[in-house]
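Single-letter residue listing:
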Amino acid sequence: MSTGSGAHSAPAPQSDHTPDRDPTGPATAGATAAGPPTDRAGAPRTGMFSSLRIRNYRLFATGQVVSNTGTWMQRIAQDWLVLSLTGSSGAVGITTALQFLPMLLLGLYGGVLTDRFAKRRLLLCTQGAMGLIGVALAGLTLSGHVQVWHVYAGAFLLGLVTVVDNPARQAFVSEMVGQRDLRNAVSLNSANFQSARLIGPAVAGVLITAFGSGWAFLFNGLSFLAPITGLLMMRTAELHRADRVPRSKGQLREGLAYVRRHPDLIWPIVLVGFIGTFGFNFPIWLTAFTYKVFHAGAGTYALFNGLMAAGSLIGALLAARRASSRLRMLVGAALVFGLLECVAALAPGFWVFAALLAPIGMVGLTINVTANSSVQMATDPAMRGRVMSLFMMVFMGGTPLGAPVVGWVTDAYGPRIGFLAGGVVSAAAAALVGLALARAGGLRLKVDLRRGHRHVAFVPRAAAEAPEKELAAA
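Bear in mind the structure is a predicted one, so any value in this text is a computation, not a measurement. (Residues numbered from 1 in each chain as written. Predicted model: local features only at pLDDT ≥ 70, side-chain atom pairs only at ≥ 80, totals over all residues. Heavy atoms only, no water.)

### Observations regarding the overall build of the protein
Counting its regular elements, the protein contains 17 helices and two strands. Here the protein holds 474 residues, and 55% of them are scored as buried. A separation threshold of at least 6 residues defines the contact pool for the protein, and within that pool the share at least 24 residues apart is 83%. Total accessible area on the protein stands at roughly 19900 Å², and carbon and sulfur atoms take up 66% of it. (Helix = DSSP H or I, 4+ residues; strand = E, 2+ residues; numbered from the N terminus. Buried < 20%, exposed > 50% of the residue type's maximum accessible area, 1.4 Å probe, protein only. Contact = heavy atoms within 4.5 Å. Areas by Shrake-Rupley, 256 points an atom, 1.4 Å probe, with all protein chains shown as cover.)

Next up, the structure:
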């Protein structure tokens, strides 16, 4: 276990025999942790922007909002460019799959590297590489020589860099803010990302319509100067450093075994894996609804993304106010998310469909923040890189498996059937994982149809079985 700064407030790794850990309860630091986070004086620190009091995190957040805006501009430009070159939703799915394929194949090794090396130095390298990829795509597009395979290659290279960048960025948050402000910082990261998602597609829509996709790629490439500058300006003495894990055999298996021993880690990861694979294929569905259902252009596609971003931003800010993460909230949000997707798939008109995107974004963001913070806060710092790489691998790396399938279903049976299928899978996964977590926590589903009683509830298994035994003995 890490003995570096910040390790004292982190949860210790638990053995297979750790008692009384309720997987459906709060996912906080340690099984007995209670109450909101506090500052050094013991005062509660539950403000929506409490993490921004920390200078290093302010620098990080400022740089990220600029680069995230560029990233969303490139994502819109990339999807629309591929659709323009091929006219195929399946081709958009292939692009998405190539971008996330490296995460599926190599994601766990990125976590091993994150635990071995200084995360700030890794981020300097990965952010610089992402900037170069954006500039290269801009050069090809602005010169008029871009072909679809160029976009495929750029997406794949970006995915290779992301293998290391994602776990390093996730784990670096705790080094900047410490364990006490971790949940708030994770929520603000999501708010940061969604703010950029709100701005980026709108700017990209204007640029693509007026000048073409190349300028969006160029802005993205140059935007990475902001996070690089922020990383260089940080006060390294103020970081809550975790001890680096020395190189040894079996580190990958050790991380997998650690997750397997903890239901409050493995089941959230399983759930986000299903939702990331089948429920978050919005580049495919939104381009298809824009192009084939509503017969509109890039401006409408940007509008749809902006509406989802607005809902996601609201969800992130609401999450930043919560002092704890409950797995029951994760399961409930996932179930509502799947049902909303089903309703949107069957929406009769343009404005009904558009109005549903904001709540879908809000609930989807709640899933992301709750799962991310729950997993991070329940993980020992020495394992955090490997655990978060597994989390990101199943959340993002499942896309190469799901995106081509979802793209094919969308092309073959229409956008509504494709969207509906994603919603059904997400809702079913939420229900099954909820039952698994309840079982692991010693709970069972109780149905009571009597008036004045709670009709459906999870109750302790022993309490629910006692009346049945009394009836059997009577």
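Once the structure has been displayed, the description carries forward.
### Side note on the nonpolar core
With 76 residues, the main nonpolar core has L271, F353 and F419 as its most contacted residues. When neighbours within four sequence positions are excluded, F353 is seen to be in contact with L286, F289, F294, F304, A344, A347 and F419. Of all hydrophobic cores here, the second largest spans 21 residues; its members include Y57, L182, M234 and L239. (Core = buried A, V, L, I, M, F, W, Y, C linked by side-chain atoms within 4.5 Å.)

### What about the packing of aromatic side chains?
In the structure shown here, the tally under the stated rule is 20 aromatic pairs. Judged by centre distance (5.8 Å) and plane angle (70 degrees), the ring pair of F280 and F282 falls under edge-to-face. By relative accessible area, which is 6% here, F282 ends up buried. Taken together, the aromatic side chains of F280, F282, W285, F289, F294, F304, F337, F350, W351, F353 and F419 make up a single cluster linked through ring pairs. Positioned over the ring face of W72 is R75, at 4.5 Å from the centre of the ring. (Phe/Tyr/Trp six-rings, centres within 6.5 Å; stacked < 30°, edge-to-face > 60°. Lys NZ or Arg CZ within 6 Å of the ring centre and 35° of its normal.)

### So, helix 14 (residues 384-396)
Given 3.6 residues per turn, any residue in an α-helix points the same way as the ones three and four places further on. If you check helix 14, its first and last C-alpha atoms are 17 Å apart, about what 13 residues at 1.5 Å a residue would give, namely 18 Å. For helix 14, the buried fraction is high: 12 of the 13 residues fall into the buried class. All buried positions along helix 14 are accounted for by R384, G385, R386, V387, M388, S389, L390, F391, M392, M393, F395 and M396. (Expected span 1.5 Å × (residues − 1).)

### Considerations on the pattern of salt bridges
Side-chain pairs of opposite charge can arise where the charged atoms are in close proximity. Taken as a whole and judged by the stated rule, the model has four salt bridges. Its salt-bridge partner being E175, residue K119 comes within 3.2 Å of it at the nearest N-O pair. Within this pair, whereas K119 is found in helix 3 (residues 119-142), its partner E175 is found in helix 4 (residues 148-177), the two being separated by 56 residues in sequence. The same class applies to K119 and to E175, which are both buried. With its nearest N and O atoms 2.8 Å apart, the salt bridge here joins D411 to K292. Of this pair, D411 sits in helix 15 (residues 399-413) while K292 sits in helix 10 (residues 282-293), placing them 119 residues apart in sequence. You can call D411 partly exposed: its relative accessible area is 35%. (Salt bridge = Lys/Arg side-chain N within 4 Å of Asp/Glu carboxyl O.)

### Quick word on a nonpolar patch on the surface
A grouping of L105, L106, Y109, F156, L157 and L160 is seen on the molecular surface, where their side chains present a nonpolar patch of about 560 Å² in accessible area. Secondary structure elements with two or more residues in the nonpolar patch: helix 2 (89-116) and helix 4. (Patch = residues over 30% accessible without salt bridge, like charges linked within 9 Å, V, L, I, M, F, W, Y side chains within 5 Å.)

### Overview of the environment of S67
Here S67 shows up in helix 1 (residues 55-86). For the pair formed by S67 and M130, sequence separation is 63 residues and the distance between their alpha carbons is 9.9 Å. Once residues lying within four places of it in the same chain are set aside, the contact partners of S67 are Q127, N220, S223, F224 and P227.

### As for the side chain of T410
Residue placement: T410 occurs in helix 15. With sequence-adjacent residues up to four places away left out, T410 is seen in contact with I284, W285, A288, P415 and G418.

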